[in-house]
Amino acid sequence: MKYSNYIILSILLLVAVIFKDSIHISTNLLSLFASKNSIEKLKIADKLGYSKEMLIAVKGFNNSSKSKVKEIEQKLLKNDKVISIMSSVVPSTEIQMFYKNNYPLLAEFNAEKQSKEFIKTQLEKLYKAQFTNIFYSAIDKDDPLKLFNLNSKNIPNIKNNGEFIALGDYGYLLKISTTVSPSNMKEATKLYDDVQDLLNNYDDVVAFAPFFYTVENSKKIKDDVEWIIMLSTIFLLLIYYLLIKNLKLLSHTLVALASSMLFAILISTLFYDEFNILSLAFGMSITAVSIDYLLHYHFHNFYQNNEKLDKSVMYGFFTTSIAFGIFTFIPIPIIAQISFFAVFSLSFAYLIFTFIFPYLDIPAYINDEHSIQTNKKIPTFIIFISSIFLLGYSYINIKLDTNIRHLDYQNTKLMDLEKLFIQANEIKMYPVIVHAHTKEELLKNLHILDKQSYKSFSLASFVQDKKRCLEKKVILNNYDFKRLNNIVNTQANIIGFRDSYFQDSYSFINKDVSCEINDLDIFKSYGLSTYFDSKNYYTIAFVTDIKNINNLDFISNINVKQIFEKVANEMYKNLFIYSLIVIFVIFIFLLLSVKKRYIYALNYIIFPISLTLAILVTIGSINIMHIFSLIILIAIGIDYGIYMSNTTKESNTILAIKYSLLSTFSAFGVLIFSSITALNSIGMVISLGIASIFILIKGMK
Amino acid sequence: MVKTIILLFLGVNSLFATNYNFTEIRYSDALDKEISFNGNISFNKDALHIKYLKENKSLDYSNDSLVYKEDNKEITLDNIQAQKIIQYFKILILVHDSNDNEIKNIFKITKKDSKTILLPKTSLSNYIKKVELLKYEDEIKQIQLFLQNDDYIKINIHDEI
């Protein structure tokens, strides 16, 4: 029986080895925050090249800058991850050919029958202008009457300085389409390194791409997490050894914690198709909180007293498990997964610490510490009223941060660079995905969108839909261009134009030109791609105001900021509802477990939360990680509230709680040293919570 | 002393602006005729001012913008037309400044005696066949633009004013 702890771990390890192929740990962090629908949309946006664009700016508008642009362009084109580069406002040869071939169909056409007098007047004006206009203007021998008019299409937020694209007043700009999406770490790192190597040879050249965040931040996060894990491990080992002062108990504790974590991993990966690595890390940290069961047992010599159950620990365990159990139903994947893991790991740890440890021959705790008792303690009701007051203060001043990006490592250098590129955009445009079953329908939808939105940029800016094209074709086929040509030539001769100068006028109208939509890929350099997923065609359109087109069922908003804002708002709403349920259940359990000292026990939940929340709202806004950490704080507070209310040996209970708090600080509190906002937020809440509980155990009557 | 100051003034002035009288001859293939205009042109740093005396019309290009006046009254040009004129003026400024580096970015340069031929390398080739420059003692005396529609513009630069 004395080896049962090790046997349990061995069995679990064996099971893990046998089922190792079924254990899938996902690293897709997006799936933890965004809904399946949003992720699908973002995947399509990824296929359409959105967020795969890289921007390079060369300072200045002098010759040296121009040479740099050309050199960089040539060198980058050799990189296999670069699809195309736009550095000039001159359309590509393919686009020029498209316009040339489709000019009569694309241009606005004045289909009125032109009278002989009108033609004569127009040609006379043209003739006279050659002598009076001080600036040269060419005569269009194909369309001297200017019956066709093709408005030039301005690409939004593209400014030029001469032929080159400019980034405001900063300098020249290169817009590069790449194959690299921000989620592809390997490819992102390769291209990032290639670009940095290339740009190191040039002064005054800056580059930005969304995938730069992936590369730069992941390195910073990795370094940060490594440092935190090291710090936490050192703290935990030191505390466990110094506090427990018994190598045997320490090794059994570590084995029990490992077994609990392994058990929870096996159950969680069996239950979830995609159990996330972040949930795993969090869940493992929560497991470390279960050490408070052991410490309580140890300092009260539970293992030596032959008692079957310690009611305080049991109530504490049940309340915490039920709180996490309720959170497993929350429709926020990260919280549901962590809670699921916590229920199983805490339950397993509780069972081992309660039913296995009594058989492990653990030496008794000898009480050699005498805590100094002070008489100057604050009455329970004052703490309770203060907590209510602090909650009220927090409610009035709370500001929720819905920007999930704020949780990431704050790469200020890259953020400033991003700002430099964004600030040059005069018009703020938002991307939307437009879908349809066929290419024809896709263009039709784009034209509907174009009409309905105040300002838009899409393939509809260049290509007309089939119906309109066919209508135009009928108009052109029915127009008598032969008559027009005869009158133009006759009148031109009379006026004095060179003989037969206009002989080919209006013969450029090719009546066999097709309205079939062929190659839309030629507009890729403008960021307008199409994608077919065997069911639907997709493309991106840019609009200035999303509200105007919300009623169109063929569009999906893919503005990451807006998607996450929506997700965050839903998260806060769900968290609020579930927290209310959890708090209600906790109140009932507290009532059952502590009865008389109800308010006293409740203070261990309400005071840490209200004080922490009040400090947080005073120094800034509240993010999703703050809220989740407050829930962990509830789980910690319940146990201590019950232990302190039901204790018969207060000094031993206080000691157990103090050590337990130190171990919690080592597991969670050290995160306060992290420079990643998400982790720092957890560390901040837990550290403040631990400090509040210290105040309670020392200062509450 | 007075003479020195005057010379210095003239020297500094010439650094900022050079003024010439010119004759512009345009050949229109549509009319099969040459049309000529006279005026004066002044070059400043990245700026150009042309005044057609007889017609009392002027074009002012500076800070990347163009102002057109008829009888001293400003007239708005449509954007496409203005851009074409600006492009044309930029070429004149480059040629006047003998900005070889920049010219090389846009044109392929061949020299034959006193004649320099510039063949456009960029999208300019859609409109311009070639530019011919005639120099005398390093001073440009004639600029000829041959256009794709068989028209040409010949500018004869007379002595500095």
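Predicted model, so just to flag it, every value in this text is computed and none were measured. (Residues numbered from 1 in each chain as written. Chains lettered and ligands numbered in written order. Predicted model: local features only at pLDDT ≥ 70, side-chain atom pairs only at ≥ 80, totals over all residues.)

Draft legend 1. Region of the structure containing the overall build of chain A. In terms of regular secondary structure, chain A is built from 23 helices and 15 strands. Here chain A holds 701 residues, and 40% of them are scored as buried. Looking at chain A alone, contacts between residues at least 24 apart form 80% of all its contacts between residues at least 6 apart. (Helix = DSSP H or I, 4+ residues; strand = E, 2+ residues; numbered from the N terminus. Buried ≥ 20, exposed ≤ 12 C-beta atoms within 10 Å, placed from the backbone. Contact = placed C-beta atoms within 7 Å.)

Draft legend 2. Representation of the overall build of chain B within the structure. Scanning chain B from terminus to terminus reveals 3 helices and 11 strands. Mapped in sequence order, the helices and strands of chain B form the string α-β-β-β-β-β-β-α-α-β-β-β-β-β. Buried residues in chain B amount to 14% of all 161 residues. Taking all contacts inside chain B whose residues are at least 6 apart in sequence as the whole, residues at least 24 apart take part in 29%.

Draft legend 3. Inspection of the nonpolar core at higher detail. Residue and element names in this part refer to chain A. With 118 residues, the main nonpolar core has Ala349, Phe353 and Ile634 as its most contacted residues. Counting residues per element, this core draws most heavily on helix H21 (residues 624-646), which supplies 16 residues. For Phe353, the contacting residues outside a window of four places in its chain are Ala256, Tyr293, Leu294 and Tyr297. In terms of nonpolar packing, the next biggest core, distinct from the first, is built from 29 residues, Leu42, Leu528, Phe554 and Ile555 among them. (Core = buried A, V, L, I, M, F, W, Y, C linked by C-beta atoms within 7 Å.)

Draft legend 4. The interface of chain A and chain B, seen in detail. Listed by partner, the interface residues are 17 residues for chain A and 22 residues for chain B. Going through the elements one at a time, helix H4 (63-77) and helix H6 (116-132) of chain A are the ones with two or more residues in the side of chain A that touches chain B. Residues belonging to the side of chain A that touches chain B are distributed by class as follows: 9 nonpolar, 4 polar and 4 charged. (Nonpolar A, V, L, I, M, F, W, Y, C, P; charged D, E, K, R; others polar.)

Draft legend 5. Looking closely at unusual backbone geometry. Located in the positive-phi region is Ser500 of chain A, a residue other than glycine, with phi close to 55 degrees. On the secondary structure map, Ser500 of chain A appears in the loop between helix H18 (481-495) and strand S13 (530-532). Exposure remark for Ser500 of chain A: the 10 C-beta atoms within 10 Å place this residue in the exposed category. Of note, Asn72 of chain B is a non-glycine position whose phi angle comes to about 60 degrees, a positive value. As for its placement among the helices and strands, Asn72 of chain B is situated in the loop between strand S5 (65-70) and strand S6 (73-75). For Asn72 of chain B, a count of 8 C-beta atoms within 10 Å puts it in the exposed group.

Draft legend 6. Broad picture of the pairing of strand S14 (residues 537-543) of chain A. Residue and element names in this part refer to chain A. Among the 7 residues of S14, 7 are classified as buried, and the element is accordingly described as predominantly covered. Pairing of strand S11 (residues 430-436) with S14 involves 7 bridges; the strand directions are antiparallel. Within S14, the position partnered with Tyr430 by the bridge is Val543. Bridge count between strand S12 (residues 456-457) and S14: 2 bridges; the pairing is antiparallel. For Ser456, the partnering residue across the bridge sits in S14 and is Val543. Where S13 and S14 come together, 3 bridges link them in antiparallel fashion. Looking at the pairing, Thr530 lines up with Thr539 of S14. Hairpin remark: S13 followed by S14, antiparallel, with 4 residues in the connecting loop; positive phi at Ser534, about 75 degrees. (Pairing = 2+ DSSP bridges.)

Draft legend 7. Molecular detail of helix H1 (residues 4-18) of chain A. Over its 15 residues, H1 of chain A runs 21 Å from end to end, which matches the ideal 21 Å to within 8%, given 1.5 Å per residue. Against the buried residues of H1 of chain A lie helix H9 (247-271) and helix H13 (333-356) of chain A. (Expected span 1.5 Å × (residues − 1).)

Draft legend 8. Structural detail: the packing of H9 of chain A against helix H10 (residues 277-289) of chain A. Residue and element names in this part refer to chain A. The contact between H9 and H10 brings their axes to 10 Å, and the two run at 145 degrees. Crossing handedness for the pair H9 and H10: right-handed. Mapping the contact onto sequence places Leu257, Ser260, Met261, Ala264 and Ile265 in H9 and Leu280, Gly283, Met284, Thr287 and Ala288 in H10. (Axes fitted to C-alpha atoms, helices over the stretch in contact; angles between N-to-C directions. Left-handed = near helix turned anticlockwise from the far one by under 90°.)

Draft legend 9. Geometry of the confidence of the model for chain A. Here chain A shows a mean pLDDT of 85. Residues at 70 or above account for 96%. Helix H2 (residues 30-33) of chain A is the least confidently modelled element of chain A, averaging 67 in pLDDT, while strand S9 (residues 205-208) of chain A averages 93, the highest of any element. (pLDDT = per-residue confidence, 0-100.)

Draft legend 10. Geometry of the packing of H10 of chain A against helix H22 (residues 650-667) of chain A. All names here are of chain A. Packing of H10 against H22 leaves a shortest axis separation of 9 Å and a crossing angle of 165 degrees. The pairing of H10 with H22 is recorded here as roughly antiparallel in orientation. Judged by the sense of rotation from one axis to the other, the crossing of H10 with H22 is right-handed. Residues Ser285, Ala288 and Val289 of H10 lie in contact with H22, whose contacting residues are Ser663, Thr664 and Ala667. The residue makeup of the contact of H10 with H22, split by class, is 3 nonpolar, 3 polar and no charged. (Parallel < 35°, antiparallel > 145°, perpendicular 65-115°, else oblique.)

Draft legend 11. Layout of helix H2 (residues 79-97) of chain B. For H2 of chain B, with 19 residues, the first-to-last C-alpha span of 26 Å sits near the 27 Å given by 1.5 Å per residue. Of the residues one or two after H2 of chain B, Ser98 of chain B is the one with positive phi, at around 50 degrees.

Draft legend 12. Region of interest: the environment of Leu42 of chain A. Residue and element names in this part refer to chain A. Secondary-structure assignment places Leu42 in helix H3 (residues 36-47). A residue is classified by how many C-beta atoms lie within 10 Å of it, and Leu42, with 21 of them, is buried. In the structure, Leu42 is positioned 517 residues away from Asn559 in sequence and 9.0 Å away in space, judged by C-alpha atoms.

Draft legend 13. Just the environment of His96 of chain B, in detail. Residues and elements named next belong to chain B. Among the structural elements, His96 can be located in helix H2. Residue His96 is classed as partly exposed on the basis of its C-beta count, with 16 C-beta atoms lying within 10 Å. Each C-alpha atom, one on His96 and one on Ile140, is 7.2 Å from the other, the two residues being 44 residues apart in sequence. For His96, the contacting residues outside a window of four places in its chain are Phe43 and Ile140.

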